[in-house]
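Structure at a glance
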Amino acid sequence: MMDENTLHQWFIDCFGPVQGEMAWKQLESLPDQIREQLMSQSPEDLPDPTQIRGMMQAFAGGGLNSFGEMQQTIAEGPINVKLAKSIALQQANDADSERIVTAEEGNTMRRAMSEVNLWLDTTTNFNPPSSQAEALTRAGWVEGTIEQWAQFAAPVAASMNEALGAVISDRLGDAFDGEITGMFAGPVPIPIPEGMKDPKQLMKLFANTSYAMQLGQAAGAMSKEVRGSYDQGIALLKNPAGGLIMQNVDEYAHSLEIDAAEVAEFIALREQAYARLYATVPWLMPRFAALIGKYARGITIDLDAMEEQLRGASSLDPESLSGAVNLSNVGLTTTDEQKETMHSIETLLALVEGWVDCVVWRSGMAHLPHLEQLREMMRRERAVGGPAELTFENLLGLQLRPKRTREAAQLWERITAEQGVEARDAMWGHPDLLPNLPDETDTAEASASKGERIDWDAELSRLLDDTDDTADADDANDTGTDTSAGDTNADDHPADGDAQ
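Everything quoted here is computed from the prediction, not taken from an experiment.

Topic: the overall build of the protein chain
Summing up its helical and strand segments, the protein chain has 21 helices and four strands in all. Buried residues in the protein chain amount to 52% of all 500 residues. Restricting the contact set of the protein chain to residue pairs at least 6 apart, pairs at least 24 apart contribute 80%. Approximately 21700 Å² of the protein chain is accessible, and the part contributed by carbon and sulfur atoms is 48%.

Let's talk about the packing of helix H11 (residues 284-298) against helix H15 (residues 336-364)
At a minimum axis distance of 9 Å, the contact between H11 and H15 shows a crossing angle of 155 degrees. One element, H11, and the other, H15, form an angle in the roughly antiparallel class. Read as a crossing pair, H11 and H15 show a hand that is left-handed. Contacts between H11 and H15 involve Leu284, Arg287, Phe288, Leu291, Ile292, Lys294, Tyr295 and Gly298 from the former and Glu337, Gln338, Thr341, Met342, Ser344, Ile345, Leu348, Leu349 and Val352 from the latter. Classifying every residue of the contact of H11 with H15 by side-chain character gives 10 nonpolar, four polar and three charged.

Observations concerning the environment of Leu120
You can see Leu120 is positioned in helix H6 (residues 103-121). Not counting chain neighbours up to four residues away, the residues in contact with Leu120 comprise Leu269, Gln272, Ala273, Arg276, Val359 and Ser363.

Side note on the pattern of salt bridges
Enumeration according to the criterion identifies 18 salt bridges in this entry. Put simply, Glu251 and Arg138 hold a salt bridge, and the shortest N to O gap is 3.1 Å. Pair noted here: Glu251 is in helix H9 (residues 246-256) and Arg138 is in helix H7 (residues 138-172), with a separation of 113 residues, a long-range link. Among the ionic pairs, Asp425 bridges to Arg424, the shortest N-O distance being 2.8 Å.

Comments concerning the packing of aromatic side chains
Counted under the stated rule, the structure contains six aromatic pairs. On the numbers, 6.3 Å between centres and 80 degrees between planes, the contact of Trp149 with Phe152 is edge-to-face. Remark: Phe152 and Trp149 occur in helix H7; sequence separation between them is three residues, near one turn of the helix. For the ring pair Trp412 and Trp428, a centre distance of 5.5 Å and an interplane angle of 20 degrees mean the geometry is stacked.

What counts, and where the lines are drawn
- Residues numbered from 1 in each chain as written.
- Predicted model: local features only at pLDDT ≥ 70, side-chain atom pairs only at ≥ 80, totals over all residues.
- Heavy atoms only, no water.
- Helix = DSSP H or I, 4+ residues; strand = E, 2+ residues; numbered from the N terminus.
- Buried < 20%, exposed > 50% of the residue type's maximum accessible area, 1.4 Å probe, protein only.
- Contact = heavy atoms within 4.5 Å.
- Areas by Shrake-Rupley, 256 points an atom, 1.4 Å probe, with all protein chains shown as cover.
- Axes fitted to C-alpha atoms, helices over the stretch in contact; angles between N-to-C directions.
- Parallel < 35°, antiparallel > 145°, perpendicular 65-115°, else oblique.
- Left-handed = near helix turned anticlockwise from the far one by under 90°.
- Nonpolar A, V, L, I, M, F, W, Y, C, P; charged D, E, K, R; others polar.
- Salt bridge = Lys/Arg side-chain N within 4 Å of Asp/Glu carboxyl O.
- Phe/Tyr/Trp six-rings, centres within 6.5 Å; stacked < 30°, edge-to-face > 60°.

Below is the structure:
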């Protein structure tokens, strides 16, 4: 239990003497049930006032200052991207993060990029992008990628919002007494304007805001894990040449106890291999985006599970409410079409990462003494995934970690040895020309015999309609048949000899 003086002072510490006093007065007007819940907590359970101030600043930057801003936020889409970016940047700019790229770091990156591009010229026919790679801070990575992540997550968030509204209106009825007086019943009750006290409208705002907060927290945490813009195997930055988060590169080298210059060259080599592939193959990223969108739109929400989560949140406990918009609690993705689409994503991602792995090996073997160690470390990291990466996957409802990279790398190495670099790279000219991964031919033929095809024109048209980006329509115009098959966990395969 805590006394009123302790809670009163906590409000002052969080919001200052004026707004803190206002918050205290608002607390006094809350229903007895909510007041009792607050007072029953231990003072040690109250959040750090500095964290609360940061959160309130994020909310202010996320368009939640007034009734009008809240309505506009709902109208703009299923995710409050401004709030997600504000929260992510707070984490990316914390006390442990560099605010600028130092001159030494910039020189290290430019030197590494220059060297590895010379190496790549001898091992692939793909030319580098016309732009220059960027030396990024963690905040720069957030700024450059958060909108792309939000675009991928939007279909899932939209389904979540619609399901939440349906459960509130059709199932729970007056369970919330027809009106809600605060967004949370936790230690920071947030007053709701008169026009937003309708439960259905408020829950739509809650879903929009809650998803944005989770996305922002994941992006902020991930900014401390990633080292290159292509670390997830897809193009996220608007700059096709990509970039390196130099602080993270330096910290990675220190953790491995390998010379920082060599580690920077290895990561730059991977980054530029991806950059050349995506810059040369115009259908590749649109196809990934179409597949991710198709998968996300197919996710269904278990209304019974959501209703159970909401019934447990009758006192507006924030953790219970957050559970209602958590895919791990309420998401269902078990249809055959979902499995087929997920498998297509995994297969295409494996072919991309396998090609990069093959090219990196051939390009760096004469220049990087610890190439094999670094290569194996990267493979294992991609197979397991970091904590923030796993959080992102929960938000998207899918994994962006290939399961057959080793097999794909061996396949590309064999093709290179037997047919040469030119023939290998020409296979990226059209999706139908891509090779099948080992042991997948029978599955692909069985799938084709059932007439199971992904309508790429329809998927890409839907994607382009959603983003109003007609400039890429010609790049996305293909109707290739998926050549995917059964997947196998990467760790089930011993480290390959790489056909050195």
